[in-house]
Amino acid sequence: MPEQVQLTIDGRLVTVAAGTTVWEAARAAGIDIPVLCHQPRLRPVGVCRLCVVDVGARVLAASCVRACEEDMEVQTTSPRIERSRRVLLELLLADHPSPCARERTTGDCELEALARRYGLLDRRYEQGPTRPIDDSSRVIAVDHNACILCDRCIRACDEIQSNEVIGRVDRGGAARIAFDLDQPMGQSTCVSCGECAASCPTGALTNKPLARRTGESGLLPLVPRSQTTAVDSVCPYCGVGCALTYHVRDNRILWADGRDSPGNEGRLCVKGRYGWDYALHEQRLTRPLIRRAEFYPKGPLSRDVRGTPSPPTPLPPGERGERQKTPLPRSGGEGRNGIVDYAEVLPAFREASWDEALDRIASRLKAIKQAHGSAALAGFGSAKCSNEEAYLFQKLIRAALGTNNVDHCTRLCHASSVAALLEGIGSGSVTDVFGDARLADVILLTGSNTTANHPVAATFFKEATRCGTKLIVVDPRRPDIANFAAFYCRTNPGTDVAFYNAVMHVLVTEGLCNEDFIRDRTENFEALRDLVVDYSPERMAPVCGIDAETIRAVARTIGGARAMMTFWGMGISQHTHGTDNARCLIALCLLTGNVGQPGTGLHPLRGQNNVQGASDAGLIPMYYPDYQKVGDPAVRAKFEAAWGVPLDPAPGLTVVEIMAGALEGCIRGMFMMGENPFLSDPNINKVRKALSKLEFLAVQDIFLTETAEFADVVLPASSFLEKTGTYTNTDRRVQIGRNALVPPGEARLDWQVLCELSTRLGYPMDYTSPEEVFAEFASLTKSYAGLTYANLGTTGKLWPCPDPDHSEGTKVLFAERFPTPTGRGRFVPCAFQTAKELPDGDYPLVLNTGRLLEHWHTGTMTRRAQALDALQPGPFVEVHPDDLGRYGLADGATVTVRSRRGAIRLEARASRAVTPGSVFIPFHFREAAANVLTIDELDPYGKIPEFKFCAVRLEK
Amino acid sequence: MAVLSEEIKQKIRDHFPRYPNKQAVTLPALHLVHDTHRYVSLEAIREIAELLELSPAEVHDTMSFYHFFREKEENRLGRTRLWVCRGLACMLRGGEELLTDLGKKLDTVPGSRTKDDKISLEFAECIGACEGAPCVLINDEYRLDVTPDKQDGLIAELRQ
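Residues numbered from 1 in each chain as written. Chains lettered and ligands numbered in written order. Predicted model: local features only at pLDDT ≥ 70, side-chain atom pairs only at ≥ 80, totals over all residues. Heavy atoms only, no water.

1. Some points on the domain arrangement of chain B
Residue and element names in this part refer to chain B.
Link 1 in the chain: Partitioning chain B into structural domains gives domain 1 (6-73) and domain 2 (77-159).
Link 2 in the chain: A straight line from the C-alpha centre of domain 1 to that of domain 2 covers 27 Å.
Link 3 in the chain: If you look at the interface, domain 1 gives four residues, while domain 2 gives nine residues.
Link 4 in the chain: When domain 1 packs against domain 2, the two sides together hide about 580 Å² of surface, and 35% of this comes from carbon and sulfur.
Link 5 in the chain: Looking at the side of domain 1 facing domain 2, the largest losses of area belong to R38, F68 and R70, adding up to 87% of the total buried there.
Link 6 in the chain: Counting every contact that joins domain 1 to domain 2 gives one salt bridge.
Link 7 in the chain: The partner of E122 in a salt bridge is R70, with the nearest N and O atoms 2.6 Å apart.
Link 8 in the chain: At the junction of domain 1 and domain 2, the tally comes to six residue pairs in polar contact (both at pLDDT 80 or more).
Link 9 in the chain: Across the side of domain 1 that touches domain 2, the residue classes tally to one nonpolar, one polar and two charged. (Domains from an automatic or database assignment. Contact = heavy atoms within 4.5 Å. Buried area = accessible area lost by both parts, 1.4 Å probe. Salt bridge = Lys/Arg side-chain N within 4 Å of Asp/Glu carboxyl O. Polar contact = N/O pair within 3.5 Å; in protein donor to acceptor, adjacent residues only side chain to side chain. Nonpolar A, V, L, I, M, F, W, Y, C, P; charged D, E, K, R; others polar.)

Here it is in structure tokens:
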């Protein structure tokens, strides 16, 4: 087959690659052929026949599916062609409710646009019978009358998102699209990603309005695109960092569209597409707040945060004073279950001016520093904030307060992964990009509920499996993506090391290792070999719960893979042996040579939108920006010179250590920006005591969070949607998030607040823009060197990017050497250890905690996003039906889940995702906070708590 | 609460080697279930989809295209499905009258089944046996020249 073909289109000679369709060739030549069923990102099906062209054959050909041929002569328009198109349009319009929902909202119905173009304003054909309207989805309006059966939504659902919810029913005139087995959309398995509505050419599937004016209940209608300002930004939620466009009018976002970028290729999930209205919520803080004198000594203010028994229930001896929670009655007005009732907490504060609030923070922190030294102070930044904010925050803590006690929530998600990666391959970042899943022939996905927590990355994995990539899923709780897996291994909770050591045992004993790679690129192989020899699949099968044959089959699949990518989530990292878990994955990849080439690599899927960036920017107690060691005198000298102050040589404390320090009294003053440790840290009853004990706490946030109830001063921050800054996604893609809205009231931009506060602390910061902050940060790093707002553009760059003017950056790291002292990757053998708190007679169940698709972490944002909140309104515990039976509980019954640290009451839901003997609770819900139960034991290397394993029991 | 017996599932699996992919077994699987259960419930569709590694929507998509299949239990088929041809040749030789008479004698209408669940009456648009008009199909077997005198015998046979 020739590589190129030459043909004429409307008399023009064009040359295209073989296989190009006539429609694509014409488009590339600037010739527009009308089409309804085709979109460039979908597989063409040729059903609407509007794109017909004359190729000199007996009948007209659909150009979207017809491949170009050598010497073909194509006419894209002629009286015959136009007559055909016109009749087809008239037939479609006969049933079309003009103006349809799309034309009435965003004003871009493609059928009605073609009708105008062809002057088809009068109906020639009789209208057919009326079809149903389906209003059941919270976010998408379905009007079957406007559907032209073009199949775009079906392909978007099947091929782009791989959700396979939409199909057709019936035939002929009665045919229509249907969800699952012809259920209403809202009751189907639809995950509300909105890809169908984004693909629909007419008003059949359209976005429902979500924006409100503050304090009003009516929704603002969507308006034609021409009447909105399109702001190119990125999604504020997960580490995938999807590029999107907000459509803004009158300081309100009306809707969001996915934007084409090498990362997400225009795809979004429910949070990104429908979860931005939190910024318009009436509970936004608009003025600084200072705690009133009568609310000292400090303590929690709202009932959920106090956790006092209500109504009082007798507690077993020895557990008096522990949290005992019953569902709260719905309070009046806007206050309700799920978010704080401001009537309960605001009376404790008075409004203050920015000057007074900032002076108060500065003077109190300075006083503590003078009396007790810098080590008595600490700061929590946030991976939700930008690189610029993270950089300024750590600079403030280090340079102005003089301590390295600065950390953030990455400690709670991937600290162990980073520790293992730094030790094993010399760099804590990912070595590949998730989109390269297409190039892998095996994907190992472990400890990750990807479709819920990185939904858009999951679409690439699912897509890869359809093209022949074998997916291996290892997880004690069955994630939905296991439906796409060649192997789903349901390991026993906390036995990852046993499982992977057994897999490596097979690789080593059956000669399936990449010996060249081991010889040329690694060290310490012998130690690993000597350890895994004792971990035969037969010995490990009863430990990890996977039979020996399956372990061998998985190992042979990995060993036989040309290229394997490894992705993992919190299921690996959030254990007291989290670092060991990650070490095993690193060893597995080194053993098989699966690092450093396209389609291979180690990829801890980053949680927050800016986990990578916040860590890069130095929000870590032992590292300055770009992982430059605090303890290294040369490095310290470099930063002392750059920042013009002496710096503390001692590495600081980590998140959970700082909380423990607060409880012990050695941490006395804290500043927190955008973090909510009350809900996100383990063992809430201990966190409550620690926060209450702090002499001084300043919180900078967009809402009065659970943590802010313990604050002396609360500063009204700006939301993601109101500020400009850079965010680094899980792939290391540095992208610019642009402000779409103006902050409400007196709320200020976070970088300006940090500069103001630092100046008042005696360390002046003077920047004119986030761009200037970025330039300073980039200049102190190797990874970000050369990057500027100008060259980041609309789709960003992958760091490192040595040639930003001509390159997108580095997709695959470590092709030739690892950034370790020897340049080699290091095997770190790990013996299997059990979790810290094993189930026993009193607490016989294993608790696993995690997240849901619709919510984000402590729910501060998502529980104030109407659609997300409506889709997942409340807390629940997933229990296996056998366990429900054993405890005599009905599906849907309210139960108490109790651990040695506390108890919560919530709904029990039957689920086969968990095994008998284990339960799962999402941690988003303040009214039944999962972290009341979790254990604050730490991994010794990453200092990450064991969120994924503690012992609990169920009570009626 | 599986609705498909292991026996049917095995019969469906037995079809896999005959086709290039599992999706191609959609119609044979639907027929197998339809023949046995006399309708294909939504739960059965889910189980078929699981066996064929398809989404339930895809199986339902195919099934709903063919009005041959019954989806609801209340609309399920009787033990025997009796198709009466009303194509041109049959019509000219009394096919319409045959359909009317059978409907009266069975106390049912085309598309429904008798109260004893034994016979479902259907009309067909030419079953390709014009040489034996008027003709019927008993499930998928021909019966030719069903003249009025043969009606009672036919019914008695099907009621056995």
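2. Thoughts on the sheet that holds strand 27 (residues 696-701) of chain A
All names here are of chain A.
Link 1 in the chain: Ordered in space as 15-14-28-27-26-16-17, the seven strands form an open sheet in which the pairing is mixed. The open sheet is flanked by strand 15 (349-351) and strand 17 (406-407), the only strands paired with a single partner.
Link 2 in the chain: Together, strand 26 (669-673), strand 27 and strand 28 (713-716) form the strand contacts of helix 27 (residues 750-760), whose direction differs from that of strand 26 by roughly 155°. (Pairing = 2+ DSSP bridges. Helix = DSSP H or I, 4+ residues; strand = E, 2+ residues; numbered from the N terminus. Axes fitted to C-alpha atoms, helices over the stretch in contact; angles between N-to-C directions.)

3. A short note on unusual backbone geometry
Link 1 in the chain: Each neighbour pair has its own omega, and for S98 of chain A with P99 of chain A the value is -10°, a cis peptide bond.
Link 2 in the chain: Tracing the chain through its elements places P99 of chain A in the loop between helix 2 (79-94) and helix 3 (101-104).
Link 3 in the chain: Even without being glycine, N524 of chain A reaches a positive phi, approximately 70°.
Link 4 in the chain: Given the relative accessible area of 26%, N524 of chain A is considered partly exposed.
Link 5 in the chain: Even without being glycine, E53 of chain B reaches a positive phi, approximately 55°.
Link 6 in the chain: Residue placement: E53 of chain B occurs in the loop between helix 3 (42-52) and helix 4 (56-65). (Buried < 20%, exposed > 50% of the residue type's maximum accessible area, 1.4 Å probe, protein only.)

4. Observations regarding the environment of E746 of chain A
Residues and elements named next belong to chain A.
Link 1 in the chain: Tracing the backbone shows E746 in the loop between strand 30 (733-737) and helix 27.
Link 2 in the chain: Overall, E746 belongs to the partly exposed group, its relative accessible area being 32%.
Link 3 in the chain: Separated by 30 residues in the primary sequence, E746 and P716 place their C-alpha atoms 7.4 Å from one another.
Link 4 in the chain: With residues up to four places along the chain from it excluded, the contact list for E746 reads T286, R287, P288 and W354.

5. Quick word on the nonpolar core
Side chains that are nonpolar tend, in soluble globular proteins, to be buried together.
All names here are of chain A.
Link 1 in the chain: Counting 173 residues, the largest nonpolar core has L205, Y246, F461 and V897 as its most contacted members.
Link 2 in the chain: The leading source of residues in this core is helix 14 (residues 455-466), at six residues.
Link 3 in the chain: Counting residues in hydrophobic clusters, the runner-up holds 65 residues, among them A362, F639, V773 and F774. (Core = buried A, V, L, I, M, F, W, Y, C linked by side-chain atoms within 4.5 Å.)

6. Section: the pairing of strand 26 of chain A
Two faces make up the sheet, and in a regular strand the side chains alternate between them.
Residue and element names in this part refer to chain A.
Link 1 in the chain: For strand 26, the buried fraction is high: five of the five residues fall into the buried class.
Link 2 in the chain: Where strand 16 (residues 377-380) and strand 26 come together, four bridges link them in parallel fashion. Among the inter-strand pairings, L377 is bridged to a residue of strand 26, identified as G669.
Link 3 in the chain: Alignment of strand 26 against strand 27, held across five bridges, turns out to be parallel. Bridging from a neighbouring strand, M673 pairs with Q700 of strand 27.

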